[in-house]
Amino acid sequence: MHPYSVGLITQFCVQPIYAMSTTILVIEDEPAIQELISVNLSFAGHKVLRAFDAEQAQTLIRAELPDLILLDWMLPGASGITLAKKLRSEERTRQVPVIMLTAKGAEQDKVEGLEAGADDYITKPFSPKELMARIKAVLRRRAPQLTDDVIKIGTLTLDPATHRVHGGDTALSVGPTEFRLLHFFMTHTERVFSRAQLLDQVWGDHVFVEERTVDVHIRRLRKALEPSGHEQHIETVRGAGYRFAMQVAPTP
Ligand code: CA
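Residues numbered from 1 in each chain as written. Predicted model: local features only at pLDDT ≥ 70, side-chain atom pairs only at ≥ 80, totals over all residues. Heavy atoms only, no water.

Caption draft 1: Inspection of the environment of T82 at higher detail. Looking at the element boundaries, T82 is found in helix α4 (residues 80-89). Judged by its relative accessible area of 43%, T82 is partly exposed. For the pair T82 and G113, spaced 31 residues apart in the sequence, the C-alpha separation amounts to 9.9 Å. (Helix = DSSP H or I, 4+ residues; strand = E, 2+ residues; numbered from the N terminus. Buried < 20%, exposed > 50% of the residue type's maximum accessible area, 1.4 Å probe, protein only.)

Caption draft 2: Representation of the sheet that holds strand β11 (residues 234-237). If you walk across this open sheet you meet the 3 strands as β10-β12-β11, and the pairing is antiparallel. The open sheet is flanked by β10 (192-193) and β11, the only strands paired with a single partner. Where β10 meets strand β12 (residues 241-244), 2 bridges bridge the pair, whose relative direction is antiparallel. Paired with V192 across the strands is R243, a residue of β12. Sitting on the sheet, helix α7 (residues 176-186) touches β10, β11 and β12, and the angle it makes with β12 is about 65 degrees. (Pairing = 2+ DSSP bridges. Contact = heavy atoms within 4.5 Å. Axes fitted to C-alpha atoms, helices over the stretch in contact; angles between N-to-C directions.)

Caption draft 3: Inspection of the environment of V138 at higher detail. If you trace the backbone, V138 turns up in helix α6 (residues 128-142). The class for V138 is buried, based on a relative accessible area of 0%. Sequence-wise, V138 and D120 are 18 residues apart; in three dimensions their C-alpha atoms are separated by 7.3 Å. With near-sequence residues (within four places) excluded, V138 lies in contact with L68, P97, I99, D119, D120 and A143.

Take it as geometry only, folks, not as evidence of what the structure does.
Structure follows, in structure tokens:
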């Protein structure tokens, strides 16, 4: 058994709930396989959405953007490949990681799947352990704020599993929304995000919250980071939004 899989499974058994619950859309027309995958994902703490075909999947996506999509290759109606291409061509779904599920093992199919925009590819039959390991690997690469990896930048440490933040040796008290905001920033450093983008990424898309709410939580986050002087990481970029800077000026 692959040591990585062992670690994952142990972790799931001890602490089945993800620090941040991710929504995974399973598009699979075979009921038994759909059920098996969904049960395993739920057990691992994910929220699961299910679709039997591309049309149903698109209806679900319109209502709620998933964090990751498991997409079967052979579907009734539009194929998985067709749907993967469509997801990649549309602004709203372009960034959502896609793992293709298929019975085909040929090299050419793998190439075709990856060219259609899939992030990874898993051949049936697969074990739940293998699937979980692939999901975690794709999330780590594409959406690190959804994994429970400890993040350390300079002397600021954030631990998603225990929900703790430390500035050097100082334990910092950070509220739940500020924690998600900080987690997102620490996994997307140096980039400027508008208030609308932060709302989408941290509060979830389709959430109707005023953009001013972001400012309120940024203020709270800065205040929470003040005891150890780490509030300087959070920079205001005039007319654009906010950025998490890797380097901060030393405190005088
Ligand atoms: Ca199928």
